[in-house]
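# Structural overview for review
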Amino acid sequence: METLTFDLDKKPLREINQFLHGDASTLNGKSIVIENPNGAHNIAVGLKADVEVTIKGHAGYYAAGMNQLAKVVVEGSVGSGVAENMMSGHVHVKGFASNAAGATANGGLLVIDGDAGLRCAIALKGADIVVGGSVGSFSAFMAQAGNLVILGDAGEGLGDSIYEARLFVRGKVKSLGADCEEKVMGPEERKILVDLLSRSGHGDVDPDSFKLYGSARTLYHFHVDNAGAY
Amino acid sequence: MSDQSHKIPQTEPRFSATFDTSTMSEIRRAAATGIYDIRGGGAKRKLPHFDDLLFLGASVSRYPLEGYREKCGTDVVLGTRFAKKPIHLKTPVTIAGMSFGALSGPAKESLGRGASAVGTSTTTGDGGMTPEERGHSTTLVYQYLPSRYGMNPDDLRKADAIEVVVGQGAKPGGGGMLLGQKITKRVAKMRCLPEGIDQRSSCRHPDWTGPDDLEIKIAELREITDWEKPIYVKVGATRPYFDVALAVKAGADVVVLDGMQGGTAATQEVFIEHVGIPILAAIRPAVQALQDMGMHRKVQLIVSGGIRNGADVAKALALGADAVAIGTAALVALGDNDPHLEEEYKKLGTTAGAYDDWHEGRDPAGITTQDPELMKRVDPVQAGRRLANYLSVMTMEAQVIARACGKSHLHNLEPEDLVALTVEASAMAKVPLAGTTWIPGVTKY
């Protein structure tokens, strides 16, 4: 695989992102390394080619935002909104993630080895997210579809106003949000969990040590008796 | 005795101004249902508005332009600050954001056809971009909303501009609603929701929370689209001076300011009527913010909320806006609330001109519905032509006024051309009360 290296100390982010938005036929299969990210925002956003990007350090907000097809690895921690609205591809954060990790992501896989902050997987729309550590409060708020796997604990208000997303939690849940309830994990959900654990490097973790949470579907229609929950 | 009492004059039955029939009917409705009233549209109460302003026109001290002969430009360029590809419109009257979902497919197509025919833009809404909408709109602004329903980077790249929606005039601080009757299979799929549910949209963006974050978010959108597209920031009119200043600081190319008369597909009546301020009160503080930052005319200002005719357009521009947006008026041009449907409005318990239960999806005009039979009533070619006619009339009306004031371009209109009919309008628009030099809060009477 051909590898190209960019140094953010020497080359403006605009030029690197512009290069990464180039014609897919010339980018596909290439490996790009970005050195000295130093927490810069918006690194490798809007990628749409089957390219592998490795960020050698910490990234700021929206790393790999709106990703399509690409594989992005961050060898450090990330700021808010990593892989926000991802459509496809694979984003792997080897450190920790700040707030709103994987917000509104539609597809692809986001793996965070460490902890994630508040509102992880907020308004998730179909992507898969695996968090090796714990997630902060209000995670999976209004999550519509997709899967969130949490190997550690979850903070307050997990899955508040959740729609059809699945939440797998191995540790403790401080509290569930409105209309989120524990579900029985059937064979279909177990299969999804096993697959995600395997694809995120946690194949040795016992799937039966997780609990499944999802929507009680009591808020799907406006009703006077639910007024307090709106 | 009975004869005498019969002769005592009776006072006429007197209705309370406070507890009027509308108020009492709402109390009865609330008592019966236990839930707030939801409706579409904007504020219906009487508000200080453009009708409270007048143009002075030219006479001895000012020199008019000859109507129909001397040039009076109407074009506007939006996005000149940072975008590589600013938008050039032939008229400053644009079509405000309205979603496929809130509106039927044929209604959206009609908007695209009508706007494109006169060289102006349309705007998507909550729920994303449809191929029909993109196909029929020469210039399409893509809304980037808190819900991110239907948001995807491919459509972002297909758009001609991006509008980051922070709020709207009908419900500043509130999220959208789309009730189950309108969440059809296609709408549900576009929004990634279960079919037929009552959809609640979030009121805050999921991945940024303040002006400093917004700056990074705008930078992200620019990076993804390679700095080509103008980026608008839309706010509901509440604290226009600060909101506009913060939007400019965050890097907006264009600020869209929507007054409380601006419509919504559905929200609580109490929200529509009691939160936000009229557009008349919002324009001058917004322009002041731009002027204080040295950005007036560099960051363009689009105002909306109750724009109905060329006089409103001219007044908005004279107060310092670069363009306006229309929503409700555009729907009326397509055929919304038309008296020829009166019998059907009566069956819905309303009357033509007052119908606002757009969220129920039973619009007899086929505009605010997803009912496949009702939406057939909209002929996109004919409705688009009506909208184009209406937009042309508005533009010509604004030109009539501008020429009368001696202005060779609509953007040359200025506050000095205006006076106010009421003390309130004078204070809000910061133009003198007619026949005086008095501007409350600015000059002494």
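Conventions and cut-offs
Residues numbered from 1 in each chain as written. Chains lettered and ligands numbered in written order. Predicted model: local features only at pLDDT ≥ 70, side-chain atom pairs only at ≥ 80, totals over all residues. Heavy atoms only, no water. Buried < 20%, exposed > 50% of the residue type's maximum accessible area, 1.4 Å probe, protein only. Helix = DSSP H or I, 4+ residues; strand = E, 2+ residues; numbered from the N terminus. Pairing = 2+ DSSP bridges. Phe/Tyr/Trp six-rings, centres within 6.5 Å; stacked < 30°, edge-to-face > 60°. Lys NZ or Arg CZ within 6 Å of the ring centre and 35° of its normal. Contact = heavy atoms within 4.5 Å. Buried area = accessible area lost by both parts, 1.4 Å probe. Salt bridge = Lys/Arg side-chain N within 4 Å of Asp/Glu carboxyl O. Polar contact = N/O pair within 3.5 Å; in protein donor to acceptor, adjacent residues only side chain to side chain. Nonpolar A, V, L, I, M, F, W, Y, C, P; charged D, E, K, R; others polar.

### Structural notes on the pairing of strand β7 (residues 139-144) of chain B
Residues and elements named next belong to chain B. Where burial is concerned, most of β7 is hidden: six out of the six residues are buried. The side-chain alternation of β7 yields two buried faces, one formed by T139, V141 and Q143 and the other by L140, Y142 and Y144. Direction of pairing for strand β6 (residues 121-123) relative to β7: parallel, over a ladder of three bridges. Within the sheet, the bridge partner assigned to T123 lies in β7 and is V141. Looking at chain direction, β7 and strand β8 (residues 161-165) are connected through four bridges and run parallel. Residue pairing for β8: Q143 is matched across the bridge by E163.

### Overview of the packing of aromatic side chains
By the definition in use, this model includes six aromatic pairs over all chains. Both rings, one in Y241 of chain B and one in F242 of chain B, keep their centres 5.4 Å apart while their planes meet at 80°; by these two values the pair is edge-to-face. The ring centre of F100 of chain B lies 4.7 Å from the NZ or CZ of R186 of chain B, which sits over that ring. Cation over ring: K217 of chain B sits above Y62 of chain A, and NZ or CZ is 3.9 Å from the ring centre.

### Observations concerning the interface of chain B and chain A
Contacts between chain B and chain A engage 42 residues on the former and 38 residues on the latter. Buried surface at the junction of chain B and chain A, both sides included, amounts to about 3,300 Å², of which 59% is carbon and sulfur. Viewed at the interface, chain A and chain B are joined by four salt bridges. For the pair chain B and chain A, the interface holds 18 residue pairs in polar contact (both at pLDDT 80 or more). Contributions of two or more residues to the side of chain B that touches chain A are made by α5 (153-158), β10 (199-200) and α7 (211-224) of chain B. No other element matches the eight residues that α7 of chain B contributes to the side of chain B that touches chain A. Residue composition of the side of chain B that touches chain A, grouped by class: 20 nonpolar, nine polar and 13 charged.

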